[in-house]
Every structure is written in C-alpha cells, then in structure tokens.
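Per-entry structural report
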Amino acid sequence: MRINDKAAARLKELGIELRQGISLAEETSLGIGGATDEILLGRYESIPEVMRLLADEHIPHRFLGGGTNVLIVDGELPWVVLHLPTAKPGMRVEGNAAYVDASADLGGMVTFCAKHDLGGMEGLIGVPGSVGGALRMNAGAYGTQIGPHVREVELYRAASGQIETLRGSDIRFDYRHTSFAPDDLMLRVKLELPPKPFKEIIAGIKVCNEKRRASQPLNQKSAGCIFKNPAGGSAGRMIDELGLKGHRVGDAMVSDRHANFFVNAGHASCSDMLKLIDDVRERVRGAYGMELENEVIVWRN
Ligand code: EPU
C-alpha cells in the first residue's frame, strides 16, 4: 500500500517521517513479509491527527511493534505500517516505579531497571521484542509475566481517537492475551517493581539466559513459539513426540532444537510457513485430539 501524495505532503508538514517501499521481511525476526510504506510516529501528540488523516484518505493501516511475534503475508501489502521510532526510547525510574516508552527493547528495559536495583522481570530478559509488544501479548517466560507489574499504560485508542491512560487494574492480563483492543497502540507504561540488589538480579538473568540458550534456536530466524500451550499440555513436547523436529515445507522448518519454534531456514515464504503451521496443527489434533491455537500473530490479506 502506498501513501498518496496528499497524505505524504501532510505528514511532512506534521514532521512525521515516511519510509516508502520498505520490505517487512527486513523488519521481522522471521525474515518474512511483503512491501509497503511505513510511517514513523515520532511525536506522540500528533498521532490522533495522523490517524484522522489516514481515515480521511481511506488508507488502511496496521501497527508493527518489534516484529518478533508476527508472520506477515508476502507481496504488496494492503496496509501501511505504523511504527514507533526505536532510537533513544524514554526510560526513567522513580522509587519503585519505572516509566518506559513502548518502543524500548524489552531486554534493554529489564537491564535498565536492574541497574536501578529493581527486579522481578529477570525471566523476560531473552524475550525478543519491544515493551509495547510485551504489553499487548502479556509476554512471559520462566515464571514471569509483565502484566502483574503494570500500573498504568498510556495508549492511543482508535475507539476514541485520543491518547488515554488506563490503570493497570482496568486491564486484563491473561496467558499471552490481554483486554487491549486490536487497534490500541501502546505508547508508555508505568511498572511497579520489587527492589532487589543489582548483583542478585544479574545472577537470575544469567540462569534464564543459560536455560534459553540450552533449549531454544536463538541464532535462527523465528517468531519464538508458534502455538500457545494448551491448558495442562505442552505444544513443544507434543510436536517433538510426533517426531516432527526438522519437518519442513519449503524453507519453513520445525526447529530441531525446540519443536514449538518454526524457523525460516533460508527463503521461506509466508505460505510455506502457514502450510507448516496447518500441517503440524492437524497432526497434533489427529494424535492428541487437541486444537493448538496460534501464539504468533498472522497478518493475512
Ligand atoms: N519439550 C520437548 N521438546 C521440545 C520442546 C520442549 O520435549 O522440542 C518439553 C520440555 O522438555 C519441557 C516442556 O516441553 O518439559 C516445556 O518446554 P519449555 O520449558 O521449553 O517451555 P515451553 O512451554 O515450550 C514456554 C513459552 C516460551 C518461554 C518458555 C520458558 C509458550 C508458548 N512458550 O515454552 O515462550 O520462553 O516457556 O519459560 O508459552 C514465546 O512465547 O514465544 C516463547 C518462546
């Protein structure tokens, strides 16, 4: 989707950066995705105006966070992509509270808080992605989830067309699911974290890093786990038990390290990856009678 000249001129007047004809394969950890224009929402206060402009010009859009949990269709995309610039995200600590921009890298936030002797998020250290994406999905690992630490979220709400602040207690954080609307755009978060000496936090971080290195394909292109774990079960274990490690459709492959990670082992297309996902889901259904639900977000036409 290409921005028309009128909208491009208005964005320029607003001081909003437009990147034309970018490939989302280069913006996602899976290395899959087609081409479109990207708007960098550098000044939060102008977001409502940008959104009105897109509505007036009938330009469909989607928000892209860190690009680490999304599988995007190939070819010319039918939406423009909105993205928060990632350079120099705001982060500050006041007492037990951390105030962080949604564009910040999640791991960067965990170490920043550690340096201020605030812990509780050690498990999240190796989860790739942005703070905004972590909020939306209620990212979790090694017994830690971000949701319980959230006290406030500042966000743009498409429903009102305004920037609003929600209290943590008004947001539902479930397993890899939250009550945010699909078109809410996370901007900033206030977290409340338990005080802990830096050295202790670093020791916890080291343990999580080692576990992750031992069990996950960290140096391959992936979107983390493809399926949610079903209640009382483990998607990775079931796929592994079916002997599917290394199973592939084109260059989309079930990791030989962790069976719930599907990797792009070369030049996988979105349709290769979708076929592999459907094939594995069907085999698990056949063998275990369980329907695996996607954890990865899929952007289709
Ligand atoms: N297992 C196998 N074979 C495999 C993979 C796992 O037998 O190929 C077994 C393990 O031995 C273990 C069990 O399955 O007994 C669970 O595996 P693991 O500890 O790796 O955790 P997981 O449930 O597969 C979850 C999260 C990960 C997170 C890890 C660590 C989900 C869908 N996945 O994985 O999150 O990093 O725990 O806490 O909840 C993600 O969200 O993208 C993600 C990778």
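It should be emphasised that the depicted structure is a prediction, and the values quoted were computed from it without experimental measurement.

**A few points about the overall build of the chain**
Secondary structure summary: the chain contains 7 helices and 19 strands in total. Rg of the C-alpha trace for the chain: 20 Å, near the compact-globule value of 19 Å for 301 residues, within the 12% margin. For the C-alpha atoms alone, the extent of the chain along its principal axes is close to 55 × 50 × 30 Å. Across the 301 residues of the chain, 41% fall into the buried class. Of the contacts formed within the chain by residues at least 6 apart in sequence, a portion of 65% connects residues at least 24 apart.

**A word on the site of the ligand**
Of all residues adjacent to the ligand, which total 15 residues, the nearest are Gly224, Cys225, Gly236, Asp240 and Ala259. If you list the elements that add at least two residues to the shell around the ligand, you get strand 15 (221-225) and helix 6 (235-241). For the shell around the ligand, the leading source of residues is helix 6, giving 3 residues.

**Considerations on the sheet that holds strand 5 (residues 80-83)**
The strand order across the open sheet built from 4 strands is 1-2-5-3, with neighbouring strands paired in mixed fashion. Looking at which strands have only one partner, the edges of the open sheet turn out to be strand 1 (17-23) and strand 3 (61-63). Strand after strand, the sheet turns through a mean of 30° between neighbouring axes, direction not considered. Here 3 bridges tie strand 3 to strand 5, and the two strands are oriented parallel to one another. Following the sheet pairing, Phe63 is matched in strand 5 by Leu82.

**Re the sheet that holds strand 10 (residues 150-157)**
Reading across the sheet, the 5 strands line up as 6-7-14-10-11 and stay open at both edges, with antiparallel pairing between neighbours. Each end of this open sheet is capped by a strand with a single partner; those strands are strand 6 (91-94) and strand 11 (162-167). Sheet twist, expressed as the average angle between the axes of neighbouring strands with direction ignored, equals 20°. Two strands pair when backbone bridges link them, and strand 10 and strand 11 are joined in this way by 6 bridges, in the antiparallel orientation. When the sheet's bridge partners are listed, Tyr156 is paired in strand 11 with Ile163.

**Quick notes on the domain arrangement of the chain**
With domains assigned, the chain is organised as domain 1 (5-83), domain 2 (91-199) and domain 3 (218-299). Spacing between the C-alpha centres of domain 1 and domain 2 amounts to 23 Å. Residue-level contacts link 11 residues of domain 1 with 13 residues of domain 2. No other element matches helix 2 (residues 47-56), which puts 4 residues into the side of domain 1 that touches domain 2. Taken together, the residues of the side of domain 1 that touches domain 2 break down into 5 nonpolar, 5 polar and 1 charged.

**A closer look at the nonpolar core**
In this structure, Val131, Leu135, Phe262 and Met273 are the most contacted members of the largest nonpolar core, which totals 78 residues. Per element, the largest residue contribution to this core is 6 residues, and it comes from helix 7 (residues 270-288). In this structure, Met273 is in contact with Ile32, Leu71, Ala252, Phe262 and Ala268, ignoring residues within four places of it in sequence.

**Focus on unusual backbone geometry**
Despite not being glycine, Tyr142 shows a phi value in the positive range, around 50°. Residue placement: Tyr142 occurs in the loop between strand 8 (140-141) and strand 9 (144-145). With 15 C-beta atoms packed within 10 Å, Tyr142 lands in the partly exposed category.

**Notes on the pairing of strand 2 (residues 35-40)**
As paired strands, strand 1 and strand 2 are joined by 5 bridges and run antiparallel to one another. Its bridge partner being in strand 2, Ile22 is matched across the sheet by Thr36. Bridging between strand 2 and strand 5 involves 3 bridges; their strand directions are parallel. Pairing of Glu38 across the sheet is with Val81, part of strand 5.

**Side note on the pairing of strand 14 (residues 184-192)**
Taken across its 9 residues, strand 14 has 7 buried, putting it largely inside the fold. Strand direction decides the pairing type here: strand 7 (residues 97-101) and strand 14, joined by 5 bridges, are antiparallel. Looking at strand 14, one finds that Asp101 is bridged to Arg188. Note that strand 10 and strand 14 share 7 bridges and pair antiparallel. Residue pairing across strands places Glu154 opposite Arg188, the latter belonging to strand 14.

What counts and how
Residues numbered from 1 in each chain as written. Predicted model: local features only at pLDDT ≥ 70, side-chain atom pairs only at ≥ 80, totals over all residues. Helix = DSSP H or I, 4+ residues; strand = E, 2+ residues; numbered from the N terminus. Rg over C-alpha atoms; globule rule 2.2 N^0.38 Å. Buried ≥ 20, exposed ≤ 12 C-beta atoms within 10 Å, placed from the backbone. Contact = placed C-beta atoms within 7 Å. Near = placed C-beta within 6 Å. Pairing = 2+ DSSP bridges. Axes fitted to C-alpha atoms, helices over the stretch in contact; angles between N-to-C directions. Domains from an automatic or database assignment. Nonpolar A, V, L, I, M, F, W, Y, C, P; charged D, E, K, R; others polar. Core = buried A, V, L, I, M, F, W, Y, C linked by C-beta atoms within 7 Å.

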